[in-house]
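As a plain string of letters, each chain reads:
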Amino acid sequence: MAFNHRSFRRNLGRLRERIGTVCEKCGRSPDSINLMAVTKGFPLEVAATAVEAGLTTLGENRVQEGVGKIKAANFPAQWELIGHLQSNKAQLAVKCFHRIQSVDSVKLALRLNRMAAANQKKLPILLQVNTGEDPGKFGFRTEEMEAVLHQLLGQDGLAIQGLMTIAPAPPNLESARQSFETLRRLRDRLEERLALRLPELSMGMTFDLEPAIAAGSTCLRVGSGLFGPRPK
Ligand SMILES: *Cc1c(COP(=O)(O)O)cnc(C)c1O
């Protein structure tokens with residue numbers, strides 16, 4: 001199905017309405033939530049359209065595909081990696097992406113740290129937690145996060161800005177709500193026990209953005225809700 005500008009505008013309007021409605025219900029400001037446009041599977045023109053509409057944070061889940069678009073883009077944007085990163089592509093990812101949301105092992109984090117530090121960079125990252133204990137998903141286990149942070153604190157090449165999660169399959173609003181609440185409680189506990197700040201909570205996609213906002217999401221990652229079904 002070809003991308004349609006008019007339906008994109010209509011979709012964006014509907015999304016803003018959905019976000020506004022939940023925000024009102026739970027007393028949050030829509031300004032406290034960033035709407036990331038997930039452009040994976042779509043051509044660069046779609047990303048350009050999103051940026052023109054004010055959605056300047058773009059999400060890609062594959063390194064090669066994302067890097068291709070980043071290099072070809074003639075517009076400024078914040079490009080973030082939201083898919084599993086294989087270690088042989090870490091160097092490329094550090095060089096090209098502005099933030100990596102999908103850091104899912106200590107080994108990968110330490111590798112990214114070395115690469116960033118070697119370039120005098122501090123790489124913004126989120127730690128992905130498999131809060132729904134979905135065997136088909138990457139991410140740390142909730143219980144190991146305190147130990148993980150102990151190992152990663154003080155690594156100069158990393159700016160750990162918060163946590164990310166994907167609700168477990170199959171899509172279900174109640175299990176999504178539970179996994180988002182788990183992430184928020186985990187964040188609160190880590191901040192208290194380790195005396196640090198983890199302000200970013202990346203959670204919620206097209207299907208489950210309502211429970212994500214209610215649980216404290218600061219970054220919604222939306223693809224199909226903006227652009228329609230992804231071309232195969
Ligand atoms: C594809 C993807 C999304 C967007 O999903 P939609 O259902 O299209 O909104 C969000 N987060 C991650 C990690 C993804 O891979």
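You'll find the structure just up there.
Below: a short report on this structure. Here the residue index of a chain counts from 1 through its sequence in written order. Local features in a predicted model are, by the rule used here, given only for residues with pLDDT of at least 70; side-chain atom pairs are given and counted only at 80 or more, and totals for whole chains, interfaces and linings are based on all residues. With hydrogens and water set aside, each side-chain value is computed from the structure's full complement of heavy atoms.

## With respect to the pairing of strand β5 (residues 123-128)
Quick reminder of the rule: Accessibility here uses a 1.4 Å probe with only protein chains present; expressed as a share of the type maximum, an area under 20% marks a residue as buried, one over 50% as exposed, and anything in between as partly exposed. Think of it this way: any DSSP run of H or I at least four residues long counts as a helix, any run of E at least two long counts as a strand, and we number them from the N terminus. Criterion used throughout: strands pair if DSSP finds at least two bridges between them. The definition of a right-handed crossover adopted here requires that, viewed with the strands pointing away, the path from the first strand over the helix to the second runs clockwise.
Across the six residues that make up β5, a large majority, six, are buried. Burial of β5 is two-sided: the residues Leu123, Ile125 and Leu127 facing one way and the residues Pro124, Leu126 and Gln128 facing the other way are all buried. Summarising the sheet, strand β4 (residues 99-103) and β5 pair through two bridges and their orientation is parallel. Residue pairing across strands places isoleucine 100 opposite isoleucine 125, the latter belonging to β5. A crossover links β4 with its parallel partner β5, the connecting element being helix α5 (residues 106-118), and its sense is right-handed. Here β5 runs beside strand β6 (residues 158-164); their pairing, made up of six bridges, is parallel.

## A short note on the site of the ligand
Under the convention used in this document: Working definition: residue near molecule or strand if any one of its non-hydrogen atoms lies within 4 Å of it. N or O atoms within 3.5 Å of each other form a polar contact, as long as, within protein, one can give a hydrogen and the other can take it, and as long as residues adjacent in sequence are counted only when both atoms are side-chain atoms. In this description, accessible areas are obtained by the Shrake-Rupley approach with a 1.4 Å probe, and a residue is regarded as covered only by the protein chains that are shown. Side-chain classes are defined by residue name, with Ala, Val, Leu, Ile, Met, Phe, Trp, Tyr, Cys and Pro counting as nonpolar, Asp, Glu, Lys and Arg as charged, and the others, Gly among them, as polar.
Taken together, the residues surrounding the ligand are Val38, Lys40, Ile82, Ile166, Met205, Thr206, Arg221, Val222, Gly223, Ser224 and Arg230. Note that an oxygen atom of the ligand is positioned 2.8 Å from one of the backbone N or O atoms of glycine 223. Arginine 230 places a side-chain nitrogen or oxygen 2.9 Å from an oxygen atom of the ligand. Protein contacts shield 89% of the accessible area of the ligand, which totals 380 Å² for the unbound molecule. Tallied by class, residues from the shell around the ligand come to five nonpolar, three polar and three charged.

## Here's the deal with the packing of aromatic side chains
Selection criterion: In this analysis, rings of Phe, Tyr and Trp, with Trp reduced to its six-membered ring, are considered paired at centre separations within 6.5 Å, and the interplanar angle assigns stacked below 30 degrees, edge-to-face beyond 60, and tilted for intermediate values.
Under the criterion given, the structure shown has three aromatic pairs. When the ring of phenylalanine 8 is compared with that of phenylalanine 227, the centres are 5.6 Å apart and the planes differ by 10 degrees; the resulting orientation is stacked. One end of the pair, phenylalanine 8, is in helix α1 (residues 5-26); the other, phenylalanine 227, is in helix α9 (residues 224-227), and 219 residues separate them in sequence. With respect to class, phenylalanine 8 is no different from phenylalanine 227; both count as buried. Members of the aromatic cluster, each reached through a chain of ring pairs, are Phe8, Phe42 and Phe227.

## Quick look at the pairing of β6
Of all seven residues in β6, five are buried, a share of seventy percent or more. Between β5 and its parallel partner β6, the chain crosses via helix α6 (residues 145-152), and the hand of that crossover is right-handed. Two elements, β6 and strand β7 (residues 200-202), share three bridges in a ladder whose sense is parallel. Along β7, the bridge assignment pairs leucine 163 with leucine 201. The parallel pair β6 and β7, bridged by helix α7 (residues 173-194), forms a crossover whose chirality is right-handed.

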